[in-house]
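Structural overview
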Amino acid sequence: MNKYNRLISNTVIFAIGTFSSKVLVFLLLPLYTSVLSPEALGAGDLVRNTANLLIPVVSVSISGAVIRFGLDKSYRKTEVFTAGVATVMLGLILLVFLLPLIGLVQELGNYLLLTYLYIMMSVLRTLCAQFVRSRGLVRFYAIDGIFSTVMTILFNVLFLLVFQWGVTGYLMATICADACSTLFLFILGGLGRYLKFSRLNLNVWSQMLRFSIPMVPSSVFWWITTASDRYMIVYMMEDGLAVSGLYTVAQKLPNIIMIVGSIFSDAWQMSAIGERESGGRAEFYSTVFRNYQSLVLFASSGIIAFCRLVLPILAPNPEYADSWQYVPLLVLSTAFTIFGTFFSSIFQAEKKTGTILMTTISGAAANVLLNYLMIPVLGANGAALATFISHFIVFSLRALLSQKYVAVDLCGLKLAAAMVLLLGQTAVVIFEAPLWPLWTGLLLLAVFVLYARELLHMLGLILRRLCKGIRKAA
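Summary of the structure given here. (Residues numbered from 1 in each chain as written. Predicted model: local features only at pLDDT ≥ 70, side-chain atom pairs only at ≥ 80, totals over all residues. Heavy atoms only, no water.)

Notes on the overall build of the protein
Across its full length, the protein carries 19 helices and 0 strands. The buried share among the 474 residues of the protein stands at 57%. Carbon and sulfur atoms provide 69% of the accessible area of the protein, an area that totals close to 19,800 Å². (Helix = DSSP H or I, 4+ residues; strand = E, 2+ residues; numbered from the N terminus. Buried < 20%, exposed > 50% of the residue type's maximum accessible area, 1.4 Å probe, protein only. Areas by Shrake-Rupley, 256 points an atom, 1.4 Å probe, with all protein chains shown as cover.)

Overview of unusual backbone geometry
The backbone of Gln164 sits at a positive phi, close to 55°, despite the residue not being glycine. Checked against the element boundaries, Gln164 lands in the loop between helix H7 (138-162) and helix H8 (167-188).

Some points on the packing of aromatic side chains
Any two aromatic rings considered together are summarised by their centre-to-centre distance and by the angle between their planes. According to the stated counting rule, one finds 28 aromatic pairs in the structure shown. When the ring of Phe131 is compared with that of Tyr194, the centres are 5.2 Å apart and the planes differ by 70°; the resulting orientation is edge-to-face. With Phe131 in helix H6 (residues 112-134) and Tyr194 in the loop between H8 and helix H9 (202-212), the pair connects residues that are 63 residues apart, well separated along the chain. Every member of this aromatic cluster is reached through a ring pair, and the members are Phe289, Tyr292, Phe336, Phe339, Phe342, Phe343, Phe388, Phe392 and Phe395. Sitting over the face of the ring of Tyr170, Arg48 holds its NZ or CZ atom 4.5 Å from the ring centroid. The positively charged end of Arg133 is found above the aromatic ring belonging to Tyr141, 5.8 Å away from the centroid. (Phe/Tyr/Trp six-rings, centres within 6.5 Å; stacked < 30°, edge-to-face > 60°. Lys NZ or Arg CZ within 6 Å of the ring centre and 35° of its normal.)

Digging into the side chain of Arg48
With respect to the element layout, Arg48 can be found in helix H3 (residues 38-59). Buried within the structure, Arg48 lacks any salt-bridge partner; its nearest side chain of opposite charge belongs to Asp45, at an N-O separation of 5.6 Å. The residues contacting Arg48, other than those within four sequence positions of it, are Tyr118, Tyr170, Leu171 and Thr174. (Lys, Arg positive; Asp, Glu negative; His and termini not counted. Salt bridge = Lys/Arg side-chain N within 4 Å of Asp/Glu carboxyl O. Contact = heavy atoms within 4.5 Å.)

What about the pattern of salt bridges?
Under the defined criterion, the tally for this structure stands at 6 salt bridges. A salt bridge links Asp45 to Arg230; the shortest N-O distance between them is 2.5 Å. Residue Asp45 is located in helix H3, and its partner Arg230 is located in helix H10 (residues 215-236); the two are separated by 185 residues in the primary sequence. The class of Asp45 is buried, set by a relative accessible area of 8%. Using a relative accessible area of 8% as the deciding quantity, one classes Arg230 as buried.

Some details on the side chain of Thr334
Take Thr334: it is sitting in helix H14 (residues 327-349). Apart from residues no more than four positions distant in its own chain, Thr334 is found in contact with Gln251, Pro254, Ile257 and Met258.

A closer look at the environment of Ala43
Among the secondary structure elements, Ala43 is positioned in helix H3. Note: C-alpha distance between Ala43 and Leu241 (198 residues apart in sequence) is 7.0 Å.

Structural notes on H3
Relative to the 32 Å expected for 22 residues at 1.5 Å per residue, H3 spans 31 Å between its end C-alpha atoms, a close match to the ideal helical length. Along H3, the sharpest change in direction is near 25° and occurs at Leu53; proline Pro56 comes one to four residues later. The buried count for H3 comes to 18 of 22 residues, which makes it a mostly enclosed element. Val60, located one to two residues past H3, shows a positive phi value of around 55°. (Expected span 1.5 Å × (residues − 1). Bend = angle between axes of the 7 residues up to and from the residue.)

Functional significance is not addressed by these values, which are geometric in nature.
Below, the structure written as structure tokens:
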């Protein structure tokens, strides 16, 4: 199987698992907004974001090293997985001593145990899932995504509708689903035979830590870039917790693009590492990015065009009626988050995680400064604008610095033209220009025409791959 077919094959497989684990859970939004008030949803999101800040610290981002070293045939998988588990266990022990500090934050004081359980199950599930991927078990990885979805839906219905646990149920649903997924991966994936502390190789462990440790501050600063706006909204705006709840709902639509990105990024990470020494690398990377760019930006344009129609359906509660106004800028932010992640895979393949850290620090500094300046003037849309600009900075730096390793063609003129169209759409929607549905529809069509060649080519490849799979199954 050549490198393009392998990438398409893995993308399709990950799409099957991700569709269930991401899209169906995304459809739980009507449940959340009908059961939880904006203040309650904002509080739950605050706990999630705090946990997401601590997860890379507790795990030392070791899951990234597990996939990187696990895919490298020069390392034994038993040594890689054992080192990963040892790292996570030590981190969870240290987390116990950090809990009193977390409790000093008033909004988190009542959720300390839930925060610990959320972090513990998240790091264990991620570790097991990444190791399964490193063994090439992509179909099993996709099946786990479906299983995890079923569990998430069941636990949400049970805890929110039956038991009516509110914020506690909102968090417990994820915790329990992650626990079930971890057991599923560990038992059915046969991970126990790779866990042998007697074979813990200190040399391999130290190499993995040297790879992953720079990712810890990188993850923290990335969190600042992506999540600090929620905290600044809470503390800088009147009724900040309620506005944060609206902002959380608005982020759900851009998450559709993140789903597209995560489907591809899982497959792309494996290809970027596997093809790092192959011939024609620059051409391969450029072709992939050109097609990736077309898909992400066309999806972004579509969501901006229809956000005012779709969001009231997903969040019918009148308390969330104003959420749509934050969607366009958050969509643009998400698009460049995905592009930045694409180029970070190059640095991971080259084991240059320090560059990822440097670019992330730049984005985080810009984000905090711009949030501070823009939120008092533009409110929550100021936070969305600050996030977009900071992600664009990160993407630009990574794209530029990656040229040292792979000369990726950015299709700069086409990207610039698409951004003009998307910014025009954003302005038309946010400021409710006269005949805005007509103008945003025409701009969506213009983006399609701009990328028609790439979009139709990708559609043909995927359809051929699916037809081939169906014929084999028959």
